[in-house]
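Coordinate inspection notes
For reference, the chains in residue letters:
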Amino acid sequence: RCGNCGSFSVENKPYSGPFPWKDYPKVFLTTPLNIDQCQVCNEVMGPAGQGKIIDAVVEDSIRTQLKLFIEKIMAREHCKQVELAERIGITPEHLSAIKTGAKIPAYQTFNFLKVMAVDEHAFKLASSSAKLTA
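Residues numbered from 1 in each chain as written. Predicted model: local features only at pLDDT ≥ 70, side-chain atom pairs only at ≥ 80, totals over all residues. Heavy atoms only, no water.

The next thing to look at is the overall build of the protein chain. Regarding its fold elements, the protein chain presents 5 helices and 5 strands. The secondary structure elements of the protein chain, listed N-terminal to C-terminal, are β-β-β-β-β-α-α-α-α-α. Compactness check: the protein chain gives a C-alpha radius of gyration of 18 Å against a globular reference of 14 Å for 134 residues, more than 25% above the reference. Here the protein chain, with 134 residues, has 36% of them falling under the buried criterion. (Helix = DSSP H or I, 4+ residues; strand = E, 2+ residues; numbered from the N terminus. Rg over C-alpha atoms; globule rule 2.2 N^0.38 Å. Buried < 20%, exposed > 50% of the residue type's maximum accessible area, 1.4 Å probe, protein only.)

Right under this line is the structure:
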């Protein structure tokens, strides 16, 4: 039963997002997650007791996207991780941990990398004195 509208028209189906998660307003999943969705109001309901599974799928999606963003930026700009880290205001060690999936950064860093990957001019516009929080 839908907790939003009370409808019994709830269906379990693959869902790719957007998915709010921690300080990330929207995460699109790289691997769809089977989740309940109300057919009347479209409310998405996480399966009871499945928080760890949802977190794992979301974290995997973020790691996959970050690795692609970093690789795309470095290939297009012909730069090293040290220069990219300087441009976004984090340490090279932190960027390395993000690229390998050892760490998931704050949304601000994720979004900065996403913008740089999508916008060809963003890298050149980014100040080498940028300071972001991890």
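Before going further, it helps to spend a moment on the packing of helix α2 (residues 81-88) against helix α4 (residues 107-118). Two elements in contact, α2 and α4, have axes whose closest approach is 11 Å; the angle formed by their N-to-C orientations is 115°. Judged by the twist between their axes, the crossing of α2 over α4 is right-handed. Contacts from L84, R87 and I88 of α2 reach α4 at T109, F112, L113 and M116. Here the contact of α2 with α4 is composed, by residue class, of 5 nonpolar, 1 polar and 1 charged. (Axes fitted to C-alpha atoms, helices over the stretch in contact; angles between N-to-C directions. Left-handed = near helix turned anticlockwise from the far one by under 90°. Contact = heavy atoms within 4.5 Å. Nonpolar A, V, L, I, M, F, W, Y, C, P; charged D, E, K, R; others polar.)

Pairing is antiparallel across the open sheet formed by 3 strands, whose spatial order is β1-β4-β5. Whereas interior strands pair on both sides, the edge strands pair on one side only; in this sheet they are β1 (10-15) and β5 (44-45). Strand direction decides the pairing type here: strand β4 (residues 33-38) and β5, joined by 2 bridges, are antiparallel. When the bridges of β5 are listed, D36 appears paired with M45. (Pairing = 2+ DSSP bridges.)

Bringing the nonpolar core into the picture now. One finds F19, V58, I62, L84, L113 and M116 to be the most contacted residues of the largest nonpolar core, which totals 30 residues. Listing elements by their share of this core, those giving two or more residues are β2 (19-21), β3 (24-27), β4, α1 (51-77), α2, α3 (92-100), α4 and α5 (122-125). Not counting residues up to four positions away in its chain, the partners in contact with V58 are F19, W21, V27 and L29. (Core = buried A, V, L, I, M, F, W, Y, C linked by side-chain atoms within 4.5 Å.)

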